[in-house]
Amino acid sequence: MAITAEIRVGETKLELPVVVGTEAEVGVDIGALRDKTGAITLDPGYGNTGACESAITFLDGERGILRYRGYPIEQLAGPASFLEVAWLLLKGELPNAAELAALVAAEKANRALPAHVERLLAALPQQTHPMAMLSSAVVTLSAAYGEGDGAIAGLPANQLRLLAQLPTLAACIYRRSQGLDFVPPDANRGYAANFLHMMFAGTAKATDDAAIATAMDLLFILHADHEQNCSTSTVRLVGSSQADYFASIASGVCALWGPLHGGANQAVIEMLDEVVRHGGNVQWAVGQAKEKGSHFRLMGFGHRVYKNFDPRAKIIKVQADLVLGKLGQDDAQLDLAKGLEQAALADDYFVQRKLYPNVDFYSGIIYRAMGFPQEMFTVLFAIGRLPGWTAHWNEHNAGKARIGRPRQIYTGKNARDFVALADR
Ligand code: SDX
């Protein structure tokens, strides 16, 4: 029997339909609420509000579950490649051998950036934050490709192009910030290996170590999607106005930049450096994080959905040990992070609020060991998140997409008459 919900607003009682998802999540469909009762719901931060039905990613925050199109992240992170996962998110199924071969070939063939992008980056001040460079460059790609023409390797042309070019763009942004010449893409290298090559070729950070490229590819997979997070919701909302694909993705880049979201991986390193400046005192850090008046937060901890371990954080923590070991890097920062995690997880403040390490807590430590400057960390997050943003953009536009337009409760001044300047 279909379950329903009943709401009473003053004297008006309304029965509302309920949507039950494939994982038994229950959503009250309030589509008729305002017409029937004059009332709307109010949920700042949308912690209780579903914006859509989606078939892409499933999260269970209480049980620490993350699945892309039904596949547990633990089963994808490792055996699958990032391009396989991108196809899975975009098409709903893992690619067969022919589909994957065509995707890999098309990605390699489309890595070069349009000529105007290099001129655009050169025109920006060298110290421009990489995320500002990234969003600026992405939004201008429509100048070269327009609305997109047909498909390449079974994907909408512009979506394949951006998947192929985002690493090239990221590497050019890094090289621009360092005053280095750009390194052209190398079609003889896989996705992550080519990215690392374009980033570091000719510098002391250059590496041809396949294990590092594999770790990079895995990190892209872990960041590939996360249902209705801030930046993905932004991409869906901007896309709902039928804005251009590149413009919609550029809006996601801007939302991701915030330190409460994707910018947290950079903020974690800055936080760890602050703890080091306080003698590596873990208890000081935990105390500061609990102090309401202090600016200090345990960045990389806490999550709107996960009230258990973020499954990605567990995988990244293992990778951190592997990569730092491989690179023979000083893992003092990793030890400090582990000490902070241990202290926080034993502290009532964090336990009561169910604050656990999230995807950003350890990722920055790996990126730093690989040689990335911390201003580039969120750019790496964006490369990983691109297939997720795109899959959600497609899903929104495939349906009977209405423009997203939330309501509000007005709490300002009531009607009043204009006062002439002389009388103010
Ligand atoms: C990502 O949504 C996604 O899926 C995002 C993401 C993805 O893949 O797209 O998973 C990626 O953005 C991960 C989150 C990265 N951000 C951080 O690590 C920044 C630090 N974390 C927080 O600022 C916070 O936990 C958020 C932003 C992640 C979540 O914020 P909420 O859900 O709005 O929770 P809140 O700020 O209301 O916190 C609830 C309580 C508060 O204390 P009280 O008012 O109840 O006393 O917990 C406290 C907060 O002060 N708290 C923290 C804390 N996080 C929450 N206290 C200290 N340190 C922290 N990190």
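Residues numbered from 1 in each chain as written. Predicted model: local features only at pLDDT ≥ 70, side-chain atom pairs only at ≥ 80, totals over all residues. Heavy atoms only, no water.

## What about the site of the ligand?
Reasoning step 1: In the vicinity of the ligand, 24 residues are found, and the nearest of them are His-226, Arg-297, His-303, Arg-304 and Arg-312.
Reasoning step 2: The backbone of Phe-301 places a nitrogen or oxygen atom 2.9 Å from a nitrogen atom of the ligand.
Reasoning step 3: The contact in question runs from an oxygen atom of the ligand to an N or O atom on the side chain of Arg-385, over 2.8 Å.
Reasoning step 4: Considered on its own, the ligand offers 1000 Å² of accessible surface; in the complex 77% of this is hidden by protein.
Reasoning step 5: Across the shell around the ligand, the residue classes break down as 10 nonpolar, seven polar and seven charged. (Near = heavy atom within 4 Å. Polar contact = N/O pair within 3.5 Å; in protein donor to acceptor, adjacent residues only side chain to side chain. Areas by Shrake-Rupley, 256 points an atom, 1.4 Å probe, with all protein chains shown as cover. Nonpolar A, V, L, I, M, F, W, Y, C, P; charged D, E, K, R; others polar.)

## Considering a nonpolar patch on the surface
Reasoning step 1: Where nonpolar side chains cluster on the molecular surface, the patch consists of Ile-3, Val-20 and Val-26 and spans about 260 Å² of accessible area.
Reasoning step 2: Here Val-20 is to be found in strand S2 (residues 12-20). (Patch = residues over 30% accessible without salt bridge, like charges linked within 9 Å, V, L, I, M, F, W, Y side chains within 5 Å. Salt bridge = Lys/Arg side-chain N within 4 Å of Asp/Glu carboxyl O. Helix = DSSP H or I, 4+ residues; strand = E, 2+ residues; numbered from the N terminus.)

## Side note on the nonpolar core
Reasoning step 1: Counting 114 residues, the largest nonpolar core has Met-216 and Phe-372 as the members making the most contacts within it.
Reasoning step 2: Apart from the residues within four sequence positions on either side, Met-216 is in contact with Ala-192, Phe-195, Leu-196, Tyr-367, Met-370, Phe-372 and Leu-380.
Reasoning step 3: Membership of the second largest hydrophobic core comes to five residues, among which are Ala-5, Leu-14, Val-18 and Leu-33. (Core = buried A, V, L, I, M, F, W, Y, C linked by side-chain atoms within 4.5 Å. Buried < 20%, exposed > 50% of the residue type's maximum accessible area, 1.4 Å probe, protein only. Contact = heavy atoms within 4.5 Å.)

## Considering helix H12 (residues 264-277)
Reasoning step 1: When the terminal C-alpha atoms of H12 are compared, their 19 Å separation across 14 residues agrees well with the 20 Å that a helix rising 1.5 Å per residue should span.
Reasoning step 2: In terms of burial, H12 is largely enclosed, as 10 of its 14 residues are buried.
Reasoning step 3: Buried residues along H12 sit against helix H13 (282-290), helix H15 (332-345), helix H17 (359-370) and helix H18 (377-398).
Reasoning step 4: Downstream of H12 by one or two residues, Gly-279 has phi in the positive range, about 70°. (Expected span 1.5 Å × (residues − 1).)

## Considerations on the packing of aromatic side chains
Aromatic rings in a pair are described by how distant their centres are and how their planes are angled relative to each other.
Reasoning step 1: Scanning the entire structure with this criterion turns up 18 aromatic pairs.
Reasoning step 2: Seen from their ring centres, Phe-195 and Phe-372 are 5.9 Å apart, and the 15° between their planes marks the pair as stacked. Remark: Phe-372 occurs in the loop between H17 and H18 and Phe-195 occurs in helix H8 (residues 191-200); sequence separation between them is 177 residues.
Reasoning step 3: Here Phe-372 falls in the buried class, since its relative accessible area comes to 2%.
Reasoning step 4: Look at Tyr-245 and Phe-246: their rings are 5.5 Å apart centre to centre, the planes differ by 55°, and that puts the pair in the tilted class.
Reasoning step 5: For Phe-246, a relative accessible area of 0% corresponds to the buried category.
Reasoning step 6: Taken together, Phe-82, Tyr-174, Tyr-191, Phe-195, Phe-200, Phe-220, Tyr-367, Phe-372 and Phe-377 form an aromatic cluster joined through their ring pairs.
Reasoning step 7: One residue, Lys-91, lies across the ring of Trp-87, its end atom 5.2 Å from the ring centre. (Phe/Tyr/Trp six-rings, centres within 6.5 Å; stacked < 30°, edge-to-face > 60°. Lys NZ or Arg CZ within 6 Å of the ring centre and 35° of its normal.)

## A word on the sheet that holds strand S3 (residues 26-28)
Reasoning step 1: Taken in spatial order, the three strands of this open sheet run S1-S2-S3, and their pairing is antiparallel. What marks the edges here is a single partner per strand, and that holds for strand S1 (4-9) and S3. Neighbour to neighbour, the strand axes of the sheet diverge by 30° on average, direction disregarded.
Reasoning step 2: Here S1 pairs with S2 via six bridges, running antiparallel. Residue pairing for S2: Glu-6 is matched across the bridge by Glu-15. (Pairing = 2+ DSSP bridges. Axes fitted to C-alpha atoms, helices over the stretch in contact; angles between N-to-C directions.)

## Some details on the environment of Leu-163
Reasoning step 1: Note that Leu-163 resides in helix H7 (residues 157-178).
Reasoning step 2: Separated by 223 residues in sequence, Leu-163 and Leu-386 have C-alpha atoms that sit 7.1 Å apart.
Reasoning step 3: Contact partners of Leu-163, with chain neighbours within four places excluded, come to Phe-82, Leu-83, Ala-86, Leu-103, Tyr-191, Leu-386 and Pro-387.

## Re the sheet that holds strand S6 (residues 71-72)
Reasoning step 1: Strand order across the open sheet formed by three strands is S4-S5-S6, with antiparallel pairing between neighbours. This sheet does not close on itself; its edge strands, each paired only once, are strand S4 (57-60) and S6.
Reasoning step 2: Bridge analysis of strand S5 (residues 65-68) against S6 gives two bridges, and the strand direction is antiparallel. Across the sheet, residue Tyr-68 finds its bridge partner in S6, namely Tyr-71.

## With respect to the environment of Ala-187
Reasoning step 1: Positionally, Ala-187 belongs in the loop between H7 and H8.
Reasoning step 2: Accessibility expressed as a relative area gives 43% for Ala-187, which makes it partly exposed.
Reasoning step 3: As for Ala-187 and Lys-108, which are separated by 79 residues in sequence, their C-alpha atoms are 5.3 Å apart.
Reasoning step 4: Not counting the four nearest positions on each side in its chain, Ala-187 is found in contact with Lys-108 and Arg-111.

## Some thoughts on unusual backbone geometry
Reasoning step 1: Its identity is not glycine, yet Tyr-46 carries a phi of approximately 55°, on the positive side.
Reasoning step 2: Relative to the helices and strands, Tyr-46 is located in the loop between helix H1 (33-37) and S4.
Reasoning step 3: Although it is not a glycine, Gln-242 adopts a positive phi angle of roughly 65°.
Reasoning step 4: With respect to the element layout, Gln-242 can be found in the loop between helix H10 (230-239) and helix H11 (245-256).
Reasoning step 5: Judged by relative accessible area, which is 70%, Gln-242 ranks as exposed.

## Some points on the packing of H15 against H17
Reasoning step 1: Where H15 contacts H17, the axes come no closer than 10 Å and their chain directions differ by 175°. In terms of orientation, H15 and H17 fall into the roughly antiparallel class. Of the residues in H17, those touching H15 at Gln-333, Leu-334, Ala-337, Lys-338, Leu-340 and Glu-341 are Phe-361, Tyr-362, Ile-365 and Arg-368.
Reasoning step 2: A breakdown of the residues in the contact of H15 with H17 according to their chemical character gives six nonpolar, one polar and three charged. (Parallel < 35°, antiparallel > 145°, perpendicular 65-115°, else oblique.)

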